[in-house]
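# Chains, contacts and geometry: an overview
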Amino acid sequence: MPEQKIIEIEVALGKRSYPIRIGDGILSGLGKALLPLGFDRKIALISNPTVYALYGDTVLSSLEGAGFSVSVISIPDGEEYKNLLWAEFIYGELLKARLERGSCLVALGGGVVGDITGYAASTYMRGIGCVQAPTTLLAQVDSSVGGKTGVNHALGKNMIGTFWQPSMVWIDTATLKTLPPAEFAAGMAEVIKYGVIKDKALFEYLERERDRIKGLDPASLGHITSRSCELKAEVVSLDEREGESGLRAILNYGHTVGHALETLTKYEKYLHGEAVAIGMCIEAQLAEKKGILKPGLQGRIKSLISSYGLPTGIPAGLISKEEMLKAMLLDKKVKGGRVRMALPEEIGAVRIETLSDLGSADQSADWSADY
Ligand SMILES: NC(=O)c1ccc[n+]([C@@H]2O[C@H](COP(=O)([O-])OP(=O)(O)OC[C@H]3O[C@@H](n4cnc5c(N)ncnc54)[C@H](O)[C@@H]3O)[C@@H](O)[C@H]2O)c1
Ligand SMILES: [Zn+2]
(Lines give C-alpha, C1' and ligand atoms only; values in the text may rest on other atoms or scores of the structure.)
(Ligands and ions follow the chains in the order given, each with its own letter.)
Protein backbone atom coordinates (compact mmCIF):
# COMPACT_ATOMS: atom_id res chain seq x y z
CA MET A 1 0.00 0.00 0.00
CA PRO A 2 1.36 3.49 -0.81
CA GLU A 3 2.31 5.73 2.11
CA GLN A 4 -0.73 7.77 3.09
CA LYS A 5 -0.41 11.49 3.61
CA ILE A 6 -0.85 12.32 7.27
CA ILE A 7 -1.16 15.83 8.70
CA GLU A 8 0.30 16.07 12.18
CA ILE A 9 -0.60 18.66 14.82
CA GLU A 10 0.91 18.82 18.27
CA VAL A 11 -1.13 19.74 21.32
CA ALA A 12 1.59 21.39 23.39
CA LEU A 13 1.04 20.68 27.07
CA GLY A 14 4.50 19.90 28.40
CA LYS A 15 4.60 16.32 29.65
CA ARG A 16 1.01 15.81 28.59
CA SER A 17 1.63 16.86 24.97
CA TYR A 18 0.23 14.60 22.28
CA PRO A 19 -0.13 14.40 18.51
CA ILE A 20 -3.29 14.69 16.45
CA ARG A 21 -2.86 12.81 13.16
CA ILE A 22 -5.26 13.40 10.31
CA GLY A 23 -5.61 11.63 6.96
CA ASP A 24 -7.99 10.15 4.41
CA GLY A 25 -8.40 6.40 4.86
CA ILE A 26 -5.82 6.03 7.64
CA LEU A 27 -7.88 3.91 10.04
CA SER A 28 -5.99 0.77 9.05
CA GLY A 29 -2.74 2.41 10.19
CA LEU A 30 -3.86 2.91 13.79
CA GLY A 31 -2.23 -0.24 15.21
CA LYS A 32 1.23 0.62 13.91
CA ALA A 33 0.89 4.22 15.07
CA LEU A 34 0.10 3.00 18.58
CA LEU A 35 3.31 0.96 18.93
CA PRO A 36 5.73 3.83 19.73
CA LEU A 37 3.46 5.02 22.56
CA GLY A 38 4.70 2.12 24.67
CA PHE A 39 1.45 0.71 26.05
CA ASP A 40 1.00 -2.87 27.28
CA ARG A 41 0.12 -5.50 24.73
CA LYS A 42 -3.34 -5.85 26.29
CA ILE A 43 -5.65 -2.99 25.32
CA ALA A 44 -9.39 -2.34 24.92
CA LEU A 45 -11.34 -0.99 21.98
CA ILE A 46 -14.54 0.82 22.93
CA SER A 47 -17.25 1.56 20.41
CA ASN A 48 -20.97 1.26 19.74
CA PRO A 49 -22.78 -1.17 17.39
CA THR A 50 -23.40 1.47 14.68
CA VAL A 51 -19.79 2.52 14.34
CA TYR A 52 -18.34 -0.92 15.04
CA ALA A 53 -20.39 -2.44 12.19
CA LEU A 54 -18.78 0.08 9.82
CA TYR A 55 -15.20 0.32 11.04
CA GLY A 56 -14.71 -2.28 13.77
CA ASP A 57 -13.11 -4.94 11.56
CA THR A 58 -10.62 -2.49 10.06
CA VAL A 59 -9.53 -1.19 13.45
CA LEU A 60 -9.48 -4.57 15.16
CA SER A 61 -7.31 -6.16 12.48
CA SER A 62 -5.03 -3.12 12.47
CA LEU A 63 -4.54 -3.39 16.24
CA GLU A 64 -4.13 -7.16 16.22
CA GLY A 65 -1.83 -6.93 13.21
CA ALA A 66 0.44 -4.69 15.27
CA GLY A 67 0.58 -7.33 18.01
CA PHE A 68 -2.03 -6.05 20.46
CA SER A 69 -4.40 -8.35 22.28
CA VAL A 70 -7.70 -6.48 22.13
CA SER A 71 -10.84 -6.66 24.30
CA VAL A 72 -13.73 -5.18 22.36
CA ILE A 73 -16.28 -3.37 24.52
CA SER A 74 -19.54 -2.18 23.04
CA ILE A 75 -21.91 0.31 24.64
CA PRO A 76 -25.34 1.15 23.18
CA ASP A 77 -25.58 4.00 20.69
CA GLY A 78 -26.98 7.20 22.16
CA GLU A 79 -26.42 10.16 24.45
CA GLU A 80 -28.69 8.56 27.07
CA TYR A 81 -26.07 5.84 27.64
CA LYS A 82 -23.30 8.32 28.43
CA ASN A 83 -23.75 7.77 32.15
CA LEU A 84 -22.19 6.19 35.23
CA LEU A 85 -24.05 2.93 34.70
CA TRP A 86 -22.30 2.34 31.40
CA ALA A 87 -19.00 3.60 32.78
CA GLU A 88 -19.41 0.93 35.47
CA PHE A 89 -20.07 -1.63 32.72
CA ILE A 90 -16.81 -0.59 31.03
CA TYR A 91 -14.86 -0.88 34.32
CA GLY A 92 -16.25 -4.42 34.73
CA GLU A 93 -15.14 -5.47 31.27
CA LEU A 94 -11.67 -3.98 31.86
CA LEU A 95 -11.32 -5.82 35.16
CA LYS A 96 -12.46 -9.11 33.63
CA ALA A 97 -9.91 -8.69 30.86
CA ARG A 98 -7.28 -7.83 33.52
CA LEU A 99 -6.18 -4.61 31.95
CA GLU A 100 -3.41 -3.02 33.99
CA ARG A 101 -1.88 0.39 34.65
CA GLY A 102 0.19 0.35 31.46
CA SER A 103 -2.76 -0.36 29.23
CA CYS A 104 -4.83 1.95 27.09
CA LEU A 105 -8.38 2.39 25.86
CA VAL A 106 -9.07 3.18 22.22
CA ALA A 107 -12.31 5.12 21.60
CA LEU A 108 -13.81 4.48 18.17
CA GLY A 109 -16.91 6.61 17.59
CA GLY A 110 -18.44 10.04 18.06
CA GLY A 111 -18.31 12.33 21.07
CA VAL A 112 -20.43 10.04 23.22
CA VAL A 113 -18.02 7.10 22.91
CA GLY A 114 -15.06 9.49 23.19
CA ASP A 115 -16.32 11.19 26.37
CA ILE A 116 -17.21 8.02 28.30
CA THR A 117 -14.04 6.25 27.18
CA GLY A 118 -11.89 9.20 28.26
CA TYR A 119 -13.71 9.24 31.59
CA ALA A 120 -13.25 5.49 32.11
CA ALA A 121 -9.55 5.79 31.17
CA SER A 122 -9.02 8.65 33.62
CA THR A 123 -10.50 6.73 36.56
CA TYR A 124 -9.68 3.06 35.91
CA MET A 125 -6.80 2.16 38.26
CA ARG A 126 -6.34 5.91 38.87
CA GLY A 127 -5.78 6.59 35.22
CA ILE A 128 -4.59 4.69 32.17
CA GLY A 129 -3.87 5.74 28.60
CA CYS A 130 -6.50 6.81 26.13
CA VAL A 131 -6.39 7.11 22.36
CA GLN A 132 -9.18 8.81 20.47
CA ALA A 133 -10.27 7.66 17.00
CA PRO A 134 -13.19 10.03 16.37
CA THR A 135 -15.65 9.21 13.58
CA THR A 136 -18.08 12.18 13.60
CA LEU A 137 -17.13 15.63 12.38
CA LEU A 138 -17.99 17.08 15.79
CA ALA A 139 -15.69 14.63 17.52
CA GLN A 140 -12.91 15.19 14.95
CA VAL A 141 -12.90 18.98 15.28
CA ASP A 142 -13.92 19.39 18.89
CA SER A 143 -14.62 16.71 21.49
CA SER A 144 -11.63 14.41 20.90
CA VAL A 145 -9.17 17.27 21.44
CA GLY A 146 -8.66 19.11 24.72
CA GLY A 147 -8.99 16.46 27.37
CA LYS A 148 -12.49 17.10 28.69
CA THR A 149 -14.08 13.76 29.53
CA GLY A 150 -17.35 13.01 31.19
CA VAL A 151 -20.74 11.45 31.59
CA ASN A 152 -24.20 12.84 32.19
CA HIS A 153 -26.14 12.75 35.46
CA ALA A 154 -29.93 12.69 35.74
CA LEU A 155 -29.66 16.23 37.14
CA GLY A 156 -27.38 17.65 34.47
CA LYS A 157 -25.48 17.03 31.27
CA ASN A 158 -21.70 16.49 31.48
CA MET A 159 -21.85 17.11 35.24
CA ILE A 160 -19.48 14.28 36.15
CA GLY A 161 -16.10 14.38 34.50
CA THR A 162 -12.36 14.89 34.48
CA PHE A 163 -9.63 16.58 32.52
CA TRP A 164 -7.60 13.74 31.04
CA GLN A 165 -5.58 14.32 27.91
CA PRO A 166 -5.43 11.50 25.36
CA SER A 167 -2.09 10.07 24.23
CA MET A 168 -2.98 10.44 20.56
CA VAL A 169 -5.90 11.49 18.39
CA TRP A 170 -6.18 9.52 15.13
CA ILE A 171 -8.57 11.12 12.65
CA ASP A 172 -9.63 9.32 9.49
CA THR A 173 -11.75 11.83 7.55
CA ALA A 174 -12.96 9.05 5.19
CA THR A 175 -15.24 7.86 8.01
CA LEU A 176 -17.33 11.00 7.43
CA LYS A 177 -18.69 9.40 4.24
CA THR A 178 -21.09 7.26 6.25
CA LEU A 179 -22.12 9.98 8.68
CA PRO A 180 -25.78 11.11 8.39
CA PRO A 181 -25.87 14.54 6.64
CA ALA A 182 -27.53 16.25 9.63
CA GLU A 183 -24.65 15.07 11.87
CA PHE A 184 -22.14 16.39 9.34
CA ALA A 185 -23.88 19.79 9.28
CA ALA A 186 -23.92 19.87 13.09
CA GLY A 187 -20.14 19.37 13.11
CA MET A 188 -19.80 22.19 10.57
CA ALA A 189 -21.33 24.56 13.13
CA GLU A 190 -18.22 24.09 15.30
CA VAL A 191 -15.92 24.57 12.30
CA ILE A 192 -17.70 27.83 11.43
CA LYS A 193 -17.31 28.84 15.09
CA TYR A 194 -13.50 28.51 14.84
CA GLY A 195 -13.54 30.72 11.76
CA VAL A 196 -15.56 33.44 13.48
CA ILE A 197 -13.61 33.46 16.73
CA LYS A 198 -10.08 33.04 15.48
CA ASP A 199 -9.46 32.57 11.78
CA LYS A 200 -10.74 34.81 9.01
CA ALA A 201 -8.95 32.74 6.36
CA LEU A 202 -10.80 29.61 7.51
CA PHE A 203 -14.11 31.51 7.43
CA GLU A 204 -13.40 32.64 3.86
CA TYR A 205 -12.35 29.11 2.89
CA LEU A 206 -15.70 27.82 4.20
CA GLU A 207 -17.51 30.43 2.07
CA ARG A 208 -15.47 29.71 -1.04
CA GLU A 209 -15.16 25.92 -0.91
CA ARG A 210 -18.63 25.06 0.31
CA ASP A 211 -19.45 22.67 -2.52
CA ARG A 212 -16.21 20.75 -2.15
CA ILE A 213 -16.63 20.51 1.60
CA LYS A 214 -20.24 19.38 1.36
CA GLY A 215 -19.15 16.91 -1.33
CA LEU A 216 -16.65 15.47 1.20
CA ASP A 217 -13.61 16.18 -0.97
CA PRO A 218 -10.71 14.59 0.97
CA ALA A 219 -8.32 17.55 0.66
CA SER A 220 -10.98 20.00 1.84
CA LEU A 221 -11.91 17.77 4.78
CA GLY A 222 -8.21 17.50 5.65
CA HIS A 223 -7.96 21.28 5.61
CA ILE A 224 -10.99 22.08 7.74
CA THR A 225 -10.38 19.37 10.32
CA SER A 226 -6.68 20.17 10.68
CA ARG A 227 -7.25 23.92 10.91
CA SER A 228 -10.00 23.39 13.51
CA CYS A 229 -7.77 21.07 15.55
CA GLU A 230 -4.89 23.57 15.35
CA LEU A 231 -7.10 26.36 16.65
CA LYS A 232 -8.50 24.25 19.46
CA ALA A 233 -5.01 22.99 20.32
CA GLU A 234 -3.75 26.60 20.56
CA VAL A 235 -6.49 27.56 22.99
CA VAL A 236 -6.16 24.37 25.05
CA SER A 237 -2.37 24.78 25.30
CA LEU A 238 -2.83 28.20 26.86
CA ASP A 239 -5.76 27.30 29.10
CA GLU A 240 -5.86 23.57 29.73
CA ARG A 241 -8.49 23.58 32.46
CA GLU A 242 -10.66 26.61 31.82
CA GLY A 243 -8.61 28.49 34.36
CA GLU A 244 -8.16 32.08 35.43
CA SER A 245 -7.01 33.28 32.03
CA GLY A 246 -10.51 32.53 30.76
CA LEU A 247 -9.14 32.03 27.26
CA ARG A 248 -10.97 28.77 26.74
CA ALA A 249 -14.21 30.74 27.10
CA ILE A 250 -13.82 32.02 23.54
CA LEU A 251 -14.72 28.50 22.40
CA ASN A 252 -18.12 29.21 23.90
CA TYR A 253 -19.27 31.50 21.11
CA GLY A 254 -22.83 30.48 20.22
CA HIS A 255 -23.01 28.19 23.24
CA THR A 256 -24.59 30.46 25.86
CA VAL A 257 -27.74 30.77 23.79
CA GLY A 258 -27.22 27.28 22.30
CA HIS A 259 -27.14 25.55 25.69
CA ALA A 260 -30.22 27.44 26.89
CA LEU A 261 -32.03 26.34 23.74
CA GLU A 262 -30.99 22.71 24.23
CA THR A 263 -32.19 22.79 27.84
CA LEU A 264 -35.52 24.40 27.00
CA THR A 265 -36.19 21.89 24.23
CA LYS A 266 -35.07 19.01 26.51
CA TYR A 267 -32.26 17.97 24.15
CA GLU A 268 -34.91 16.53 21.84
CA LYS A 269 -35.43 19.09 19.11
CA TYR A 270 -31.92 20.08 18.11
CA LEU A 271 -28.58 18.38 17.65
CA HIS A 272 -25.93 20.22 19.67
CA GLY A 273 -24.43 21.79 16.52
CA GLU A 274 -27.84 22.97 15.36
CA ALA A 275 -28.48 24.71 18.68
CA VAL A 276 -25.01 26.27 18.48
CA ALA A 277 -25.74 27.45 14.92
CA ILE A 278 -28.83 29.29 16.15
CA GLY A 279 -26.85 30.52 19.16
CA MET A 280 -24.12 31.96 16.92
CA CYS A 281 -26.72 33.85 14.86
CA ILE A 282 -28.47 35.30 17.90
CA GLU A 283 -25.21 36.19 19.66
CA ALA A 284 -23.89 37.85 16.47
CA GLN A 285 -27.10 39.85 16.29
CA LEU A 286 -26.65 40.92 19.90
CA ALA A 287 -23.01 41.83 19.24
CA GLU A 288 -24.04 43.99 16.31
CA LYS A 289 -26.79 45.71 18.29
CA LYS A 290 -24.32 46.49 21.07
CA GLY A 291 -21.90 47.97 18.56
CA ILE A 292 -19.31 45.23 19.21
CA LEU A 293 -19.58 43.53 15.81
CA LYS A 294 -18.96 45.63 12.74
CA PRO A 295 -22.17 46.33 10.79
CA GLY A 296 -23.02 43.84 8.08
CA LEU A 297 -20.99 40.96 9.45
CA GLN A 298 -23.92 39.45 11.27
CA GLY A 299 -25.60 38.80 7.92
CA ARG A 300 -22.45 37.23 6.55
CA ILE A 301 -22.15 34.83 9.49
CA LYS A 302 -25.80 33.91 9.18
CA SER A 303 -25.52 33.24 5.41
CA LEU A 304 -22.57 30.92 5.92
CA ILE A 305 -24.37 29.01 8.65
CA SER A 306 -27.48 28.69 6.52
CA SER A 307 -25.48 27.58 3.46
CA TYR A 308 -24.37 24.47 5.36
CA GLY A 309 -27.98 23.50 5.98
CA LEU A 310 -28.09 24.70 9.57
CA PRO A 311 -30.93 26.59 11.27
CA THR A 312 -30.40 30.30 11.94
CA GLY A 313 -33.27 31.22 14.24
CA ILE A 314 -35.83 29.89 16.67
CA PRO A 315 -39.22 29.15 15.12
CA ALA A 316 -41.84 31.75 16.12
CA GLY A 317 -43.69 30.90 19.29
CA LEU A 318 -41.36 28.08 20.39
CA ILE A 319 -39.65 29.89 23.25
CA SER A 320 -40.33 33.27 24.83
CA LYS A 321 -37.58 35.79 25.44
CA GLU A 322 -38.15 35.54 29.17
CA GLU A 323 -37.75 31.74 29.20
CA MET A 324 -34.56 32.11 27.21
CA LEU A 325 -33.06 34.68 29.60
CA LYS A 326 -33.97 32.55 32.61
CA ALA A 327 -32.34 29.47 31.08
CA MET A 328 -29.20 31.47 30.27
CA LEU A 329 -28.91 32.62 33.86
CA LEU A 330 -29.04 28.99 34.99
CA ASP A 331 -26.09 28.03 32.79
CA LYS A 332 -23.26 26.44 34.79
CA LYS A 333 -20.85 29.05 33.46
CA VAL A 334 -22.88 31.96 34.85
CA LYS A 335 -21.37 33.47 37.97
CA GLY A 336 -23.37 35.74 40.28
CA GLY A 337 -26.10 36.43 37.74
CA ARG A 338 -23.62 37.70 35.17
CA VAL A 339 -23.69 36.02 31.81
CA ARG A 340 -20.26 35.91 30.20
CA MET A 341 -20.54 35.67 26.48
CA ALA A 342 -18.00 35.35 23.72
CA LEU A 343 -19.13 37.96 21.23
CA PRO A 344 -17.55 38.49 17.81
CA GLU A 345 -15.95 41.84 17.00
CA GLU A 346 -15.16 40.95 13.41
CA ILE A 347 -14.62 37.76 11.45
CA GLY A 348 -11.68 36.10 13.22
CA ALA A 349 -11.81 38.03 16.49
CA VAL A 350 -13.95 37.64 19.53
CA ARG A 351 -14.08 39.15 23.00
CA ILE A 352 -15.61 38.11 26.28
CA GLU A 353 -18.40 40.40 27.43
CA THR A 354 -20.11 40.26 30.78
CA LEU A 355 -23.76 41.07 30.44
CA SER A 356 -25.15 41.87 33.84
CA ASP A 357 -28.75 42.24 34.88
CA LEU A 358 -30.03 40.50 31.80
CA GLY A 359 -33.57 40.58 33.05
CA SER A 360 -33.88 44.37 32.90
CA ALA A 361 -36.09 45.95 30.27
CA ASP A 362 -33.11 47.55 28.62
CA GLN A 363 -31.19 44.29 28.25
CA SER A 364 -34.28 42.39 27.22
CA ALA A 365 -34.63 44.72 24.30
CA ASP A 366 -31.36 43.35 23.01
CA TRP A 367 -32.94 39.93 22.80
CA SER A 368 -35.62 40.90 20.35
CA ALA A 369 -33.83 38.61 17.94
CA ASP A 370 -35.64 36.76 15.16
CA TYR A 371 -37.60 34.50 17.36
N1 LIG B 1 -15.28 16.48 25.50
C2 LIG B 1 -15.55 17.59 24.86
O3 LIG B 1 -14.76 18.54 24.84
C4 LIG B 1 -16.84 17.68 24.10
C5 LIG B 1 -17.05 18.75 23.22
C6 LIG B 1 -18.22 18.77 22.49
C7 LIG B 1 -19.16 17.75 22.63
N8 LIG B 1 -18.92 16.73 23.50
C9 LIG B 1 -19.88 15.63 23.65
O10 LIG B 1 -19.96 14.92 22.42
C11 LIG B 1 -21.21 14.27 22.35
C12 LIG B 1 -21.78 14.44 20.96
O13 LIG B 1 -20.92 13.84 20.04
P14 LIG B 1 -21.38 13.53 18.54
O15 LIG B 1 -22.04 14.73 17.97
O16 LIG B 1 -20.20 12.95 17.86
O17 LIG B 1 -22.56 12.46 18.74
P18 LIG B 1 -22.58 10.87 18.85
O19 LIG B 1 -21.35 10.34 19.44
O20 LIG B 1 -23.88 10.52 19.48
O21 LIG B 1 -22.63 10.43 17.31
C22 LIG B 1 -23.74 10.78 16.52
C23 LIG B 1 -24.32 9.56 15.79
O24 LIG B 1 -23.49 9.22 14.69
C25 LIG B 1 -23.14 7.85 14.74
N26 LIG B 1 -21.84 7.74 14.08
C27 LIG B 1 -20.63 8.08 14.56
N28 LIG B 1 -19.69 8.00 13.61
C29 LIG B 1 -20.33 7.59 12.50
C30 LIG B 1 -19.90 7.35 11.18
N31 LIG B 1 -18.63 7.57 10.79
N32 LIG B 1 -20.81 6.92 10.27
C33 LIG B 1 -22.11 6.74 10.64
N34 LIG B 1 -22.58 7.00 11.86
C35 LIG B 1 -21.69 7.41 12.77
C36 LIG B 1 -23.17 7.51 16.21
O37 LIG B 1 -23.30 6.13 16.42
C38 LIG B 1 -24.40 8.32 16.65
O39 LIG B 1 -25.58 7.62 16.35
C40 LIG B 1 -22.08 14.85 23.45
O41 LIG B 1 -22.19 13.90 24.48
C42 LIG B 1 -21.28 16.05 23.93
O43 LIG B 1 -21.49 16.33 25.31
C44 LIG B 1 -17.78 16.68 24.22
ZN1 LIG C 1 -20.10 22.76 21.04
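Our subject is the structure that appears above.
Every chain is numbered on its own, with residues counted from 1 as its sequence reads. To read the labels, note that chains go from A and ligands from 1, taken in the order they are written. Note on the predicted model: pLDDT of at least 70 is required for a residue's local features to be given, and 80 or more for side-chain atom pairs to be given and counted; whole-chain, interface and lining totals, by contrast, use all residues. Neither water nor hydrogens contribute to the side-chain values; these are computed over all heavy atoms in the structure.

### Quick notes on the overall build of the protein
- In this description a helix means any DSSP run of H or I spanning at least four residues, a strand means any run of E spanning at least two, and both kinds are numbered starting from the N terminus. A count of helical and extended segments in the protein gives 14 helices and 11 strands.
- Atoms counted for the radius of gyration: C-alpha only. Globule rule: 2.2 Å times residue count to the power 0.38. Here the C-alpha radius of gyration of the protein, 20 Å, is about what a compact globule of 371 residues would show, namely 21 Å.
- Expressed as a percentage of its 371 residues, the buried residues of the protein come to 54%.
- Contacts in the protein between residues at least 24 apart in sequence constitute 74% of all its contacts with a sequence separation of at least 6.
- Note on areas: these come from Shrake-Rupley sampling with a 1.4 Å probe, and a residue is covered only by the protein chains present in the view. Put simply, the protein shows about 15800 Å² of open surface, and 52% of that area lies on carbon and sulfur atoms.
- In this tally, Asp and Glu contribute negative charge and Lys and Arg positive charge; neither His nor the terminal groups of the chain are included. By convention, the point assigned to a charge is CZ for Arg, NZ for Lys, CD for Glu and CG for Asp. Side-chain charges of the protein comprise 41 positive and 45 negative groups, with the mean position of each set lying 3 Å from the other. Throughout this description, buried means an accessible area under 20% of the type-specific maximum (1.4 Å probe, protein chains only), exposed means over 50%, and partly exposed covers the range between. Contacts were defined at the residue level, with two residues in contact if any of their heavy atoms lie within 4.5 Å.

### Topic: the coordination of the zinc ion (ligand 2)
- Donor atoms are limited to N, O and S found within 2.8 Å of the metal ion, a distance that becomes 3.2 Å for Na, K and Ca. With water left out, some sites might look partial. Protein-derived ligands of the zinc ion (ligand 2) are E190 (OE), H255 (NE2) and H272 (NE2), with the metal-ligand distances lying across 2.0 to 2.1 Å.
- Spacing between the donor residues of the zinc ion (ligand 2) along their common chain follows E-x64-H-x16-H. Here H255 is found in helix α10 (residues 255–264), whereas its partner H272 is found in helix α11 (residues 272–289), with 17 residues between them in sequence.
- Classification of H255 by relative accessible area gives buried; the value is 6%.
- Given the relative accessible area of 27%, H272 is considered partly exposed.

### A few points about the sheet that holds strand β4 (residues 69–74)
- Across the sheet, which stays open at both edges, the 7 strands sit in the order β1-β2-β9-β6-β5-β3-β4 with mixed pairing between neighbours. Sheet topology places β1 (7–11) and β4 at the edges, where each strand pairs with a single neighbour. For this sheet, the mean inter-axis angle between neighbouring strands, taken without regard to orientation, is 20°.
- In this description, strands pair whenever DSSP reports at least two bridges between them. With 4 bridges joining them, strand β2 (residues 18–23) and strand β9 (residues 168–172) adopt parallel strand pairing. Pairing of I22 across the sheet is with I171, part of β9.
- Across the sheet, helix α2 (residues 49–65) lies against β3 (42–47), β4 and β5 (104–109), angled at about 160° from β3, the strand it touches most.
- Against the sheet, helix α9 (residues 218–238) contacts β1, β2 and β9, and its axis sits at roughly 15° relative to β1. All axes are obtained by fitting lines to C-alpha atoms, using only the stretch in contact for helices, and the reported angles, taken between N-to-C directions, cover 0 to 180 degrees.

### Re the nonpolar core
- To qualify as a nonpolar core, a set must consist of buried Ala, Val, Leu, Ile, Met, Phe, Trp, Tyr and Cys residues joined through side-chain atoms within 4.5 Å. In this structure, F184, M188, I192, L206, I224 and I301 are the most contacted members of the largest nonpolar core, which totals 62 residues.
- With 10 residues, α11 is the single largest residue contributor to this core.
- Contact partners of I192, with chain neighbours within four places excluded, come to L206, M280, L304, I305, Y308 and L310.
- Core analysis: the next-biggest nonpolar cluster, separate from the first, contains 24 residues, I26, L45, V70 and C104 among them.

### Regarding the packing of helix α6 (residues 181–198) against α9
- Packing of α6 against α9 leaves a shortest axis separation of 10 Å and a crossing angle of 55°. Here α6 is positioned oblique relative to α9, judged by the angle of their axes. The chirality of how α6 crosses α9 is left-handed. Contact with α6, carried on its side by F184, M188, V191, Y194 and K198, involves L221, I224, S228, L231, K232, E234 and V235 of α9 and no other residues of that element.
- Grouping the amino acids of the contact of α6 with α9 by side-chain chemistry returns 8 nonpolar, 1 polar and 3 charged. Convention used here: angles under 35 degrees read as roughly parallel, angles over 145 as roughly antiparallel, angles from 65 to 115 as roughly perpendicular, and any remaining angle as oblique. Throughout, a crossing is termed right-handed when the near helix is turned clockwise from the far one, and left-handed when it is turned anticlockwise from it by less than a right angle. Ten residue types, Ala, Val, Leu, Ile, Met, Phe, Trp, Tyr, Cys and Pro, are classed as nonpolar, four, Asp, Glu, Lys and Arg, as charged, and the remainder, Gly among them, as polar.

### Description of the pairing of strand β8 (residues 156–163)
- With 5 bridges joining them, strand β7 (residues 148–153) and β8 adopt antiparallel strand pairing. Bridged to G150 within β8 is G161.
- Hairpin remark: β7 followed by β8, antiparallel, with 2 residues in the connecting loop.

### Focus on the environment of C104
- Inspection of the secondary structure puts C104 in strand β5.
- Given a relative accessible area of 0%, C104 falls into the buried group.
- Each C-alpha atom of the pair C104 and C130 lies 5.2 Å from the other, and the pair is 26 residues apart in sequence.
- Contact partners of C104, with chain neighbours within four places excluded, come to F39, K42, I43, A44, L99, I128, G129, C130 and V131.

### A closer look at the pattern of salt bridges
- Salt bridge criterion: a side-chain nitrogen from Lys or Arg within 4 Å of a carboxyl oxygen from Asp or Glu. One pass over the structure, following the stated rule, counts 20 salt bridges.
- Put simply, E79 and K82 hold a salt bridge, and the shortest N to O gap is 3.8 Å.
- The exposure class of E79 is partly exposed, given its relative accessible area of 32%.
- Three or more residues joined by partner-sharing salt bridges are found here, namely E79, K82, D115 and K157.

Keep in mind these numbers describe shape, not what the thing actually does.
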